[in-house]
Amino acid sequence: MKLSILTATYNRANLLKRLYESILINLKVGIEVEWLIMDDGSSDETENVISKIRDENKIRVMYLKQVNQGKMAAINHLMDYARGDLIIECDSDDYFADNSFLYIKDAYEESKYEKDLYGLCFLKYDQNGNNIGKEFKERKTTMFDLYFKQQEDGEKAVAFFKDKRREYSYELEGEEKFITEARMYHKMDLKYKIKCYNEPVMVCEYQKDGYSKNINEVFKNNPKGYLKYFKEILTEHSMVGVQFKKRLYVIKHYILFCTLNKVKPMLKEIKGFLNKVLVVTLYIPGFIMTKKRFRLWLKRDLDNTWNGKYVMV
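Predicted, not measured: the structure shown is a model, and the values here were computed from it.

Trainee: Help me out: how do you make sense of the layout of surface pockets in this one?
Mentor: Over the atoms, a rolling probe the size of a water molecule traces out where space has been left empty. In this structure, the second largest pocket occupies an estimated 290 Å³ of space. When residues of the lining of the second largest pocket are assigned to their parent elements, the largest contribution, 6 residues, is made by helix α11 (residues 273-306). Across the lining of the second largest pocket, the residue classes break down as 5 nonpolar, 3 polar and 2 charged.

As structure tokens, this is what we get:
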């Protein structure tokens, strides 16, 4: 089998060698590997680091560079070049765990003829060897059910079957640069499933400037995409079996992004009587809270500009 590794990177030259070395360690299982890298407009030594890695000629490395457009656009562009039987994304601040490719190879051989699957789902660990989230309880499921019905709350690694992955892309709205991966997963869930393996294939190290630690900034800068994401949950997926706290999470954020986008909730399109009732009940308090949050965001941005953290041109 052949594995395509897709990495979007931005000013992470100091971390790319670690990811590369983790790939080399895993080559012993005898699978073919290609590493496709999209430099999202870095200004550091990323290009030089990758040039030295390519000179070693130990694996196929494709290096591309784009004007800064964000991680999702970078991965979308890399998909045009991916030729592996399986396609897995690995952020530049993450790396592969020992025996990762063995686990992936074995899972692929076991599952490659199952036409109802779009991907194989594995665990992610932190640098201390702790599982980020919980172990899987079901062998076959969907990403939507995993997080909204089965009480999962941590990151997972998904290796996609090439043909199924090519049917989808990360949908960005307007000039926005980010949307949660879950938006694409949930669309895939409507047609296919994932198969789960309680084996760790990736190690995560969250950076101070990463998306995970700056979620409020992500929300503020990408309101159109997140409105679509939460609307799609309420209009395309069955909420039967969804935990009540998760249901509230979706509805509160749907109201938040309706307010930020200056649109009213589309009650006719929302599935489920309870969901409609909750949207109506929570709309006014949610509208007020969002306005307060927006004023705090605006005040902080103005304070940062005045303090010289931003340069106004």
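Trainee: Any chance you could explain the pairing of strand β6 (residues 117-126) here in plain terms?
Mentor: Looking down a regular strand, the side chains alternate between one sheet face and the other. Of all 10 residues that make up β6, 8 are buried, and the element is covered over most of its length. With 8 bridges connecting them, β6 and strand β9 (residues 193-204) associate as parallel partners. Note that in β9 the partner of Asp126 across the bridge is Cys204. Across 5 bridges, the pairing between β6 and strand β8 (residues 156-161) is antiparallel.

Trainee: Where do I start with the pairing of β9 in this structure?
Mentor: Along β9, 9 of the 12 residues are buried, which leaves the element largely enclosed by surrounding structure. Bridge analysis of strand β5 (residues 95-96) against β9 gives 2 bridges, and the strand direction is antiparallel. Bridging across to β9, Phe96 finds its partner in Met202. Taken together, the 2 bridges between strand β7 (residues 140-141) and β9 define a ladder with antiparallel strand orientation. Bridge assignment links Lys140 to a residue of β9, and that residue is Lys195.

Trainee: Any chance you could explain helix α3 (residues 71-78) here in plain terms?
Mentor: Most of α3 sits out of view: 7 of its 8 residues are buried. Turning to α3, its buried residues are Lys71, Met72, Ala73, Ala74, Ile75, Asn76 and Leu78. The elements touched by buried residues of α3 are β1 (2-9), β2 (32-39), β3 (60-65), β4 (86-89), α6 (162-165) and α7 (181-189).

Trainee: How do you make sense of the packing of aromatic side chains when you look at a structure like this?
Mentor: What describes a pair of aromatic rings is the distance from one ring centre to the other and the angle between the planes of the rings. Inspection of the entire model under this criterion finds 16 aromatic pairs. Residues Phe122 and Tyr197 carry aromatic rings whose centres are separated by 5.5 Å and whose planes lie at 20 degrees to one another, so their mutual orientation is stacked. With Phe122 in strand β6 and Tyr197 in strand β9, the pair connects residues that are 75 residues apart, well separated along the chain. Judged by relative accessible area, Phe122 falls into the buried class, the value being 0%. Given a relative accessible area of 11%, Tyr197 falls into the buried group. Note on Phe230 and Tyr249: the rings are 5.9 Å apart at their centroids and 65 degrees apart in plane angle, and the pair reads as edge-to-face. Here Tyr249 lies in helix α10 (residues 244-260) and Phe230 lies in helix α9 (residues 223-236), a separation of 19 residues in the sequence. Assessed through its relative accessible area of 1%, Phe230 is described here as buried. Residue Tyr249 is classed as partly exposed on the basis of its relative accessible area of 36%. Chaining the aromatic ring pairs together yields one cluster made of Phe219, Tyr226, Tyr229, Phe230, Tyr249 and Phe257. Stacked on the ring of Phe160, the Lys or Arg Arg165 has its end atom at 5.4 Å from the ring centre.

Trainee: Help me understand helix α1 (residues 13-26) in this model?
Mentor: Since the α-helix advances by 3.6 residues per turn, residues separated by three or four positions end up pointing in the same direction. Residues Ala13, Leu15, Leu16, Leu19, Tyr20, Ser22, Ile23 and Asn26 constitute the buried set of α1. One side of α1 holds all its buried residues, which, seen down the axis, span an arc of 160 degrees. For α1, the elements touching its buried residues are β1, β2, α2 (46-56), β5 and α4 (100-111).

Trainee: Help me understand empty space enclosed by the protein, please; the structure alone is not making it clear to me.
Mentor: Per the counting criterion, the structure on display carries 2 cavities of 30 Å³ or more. Put simply, the largest cavity is a space of about 50 Å³. In terms of lining, the largest cavity is formed by Lys134, Glu135, Phe136, Lys137, Leu146, Gln150 and Glu152. For the second largest cavity, the calculated volume is near 40 Å³. Residue assignment for the lining of the second largest cavity shows that the elements contributing at least two residues are α7 and α9. At 4 residues, the largest contribution of residues to the lining of the second largest cavity is made by α9. Tallied by class, residues from the lining of the second largest cavity come to 2 nonpolar, 2 polar and 4 charged.

Cut-offs used in this document
Residues numbered from 1 in each chain as written. Predicted model: local features only at pLDDT ≥ 70, side-chain atom pairs only at ≥ 80, totals over all residues. Heavy atoms only, no water. 1 Å grid on protein atoms, 1.4 Å probe; cavity = no way out; pocket = protein on both sides within 12 Å on 5 of 7 lines; lining within 4 Å. Points joined across faces, edges and corners; volume = space filled by probe spheres on them. Helix = DSSP H or I, 4+ residues; strand = E, 2+ residues; numbered from the N terminus. Nonpolar A, V, L, I, M, F, W, Y, C, P; charged D, E, K, R; others polar. Buried < 20%, exposed > 50% of the residue type's maximum accessible area, 1.4 Å probe, protein only. Pairing = 2+ DSSP bridges. Contact = heavy atoms within 4.5 Å. Phe/Tyr/Trp six-rings, centres within 6.5 Å; stacked < 30°, edge-to-face > 60°. Lys NZ or Arg CZ within 6 Å of the ring centre and 35° of its normal. Arc of directions from axis to C-beta.

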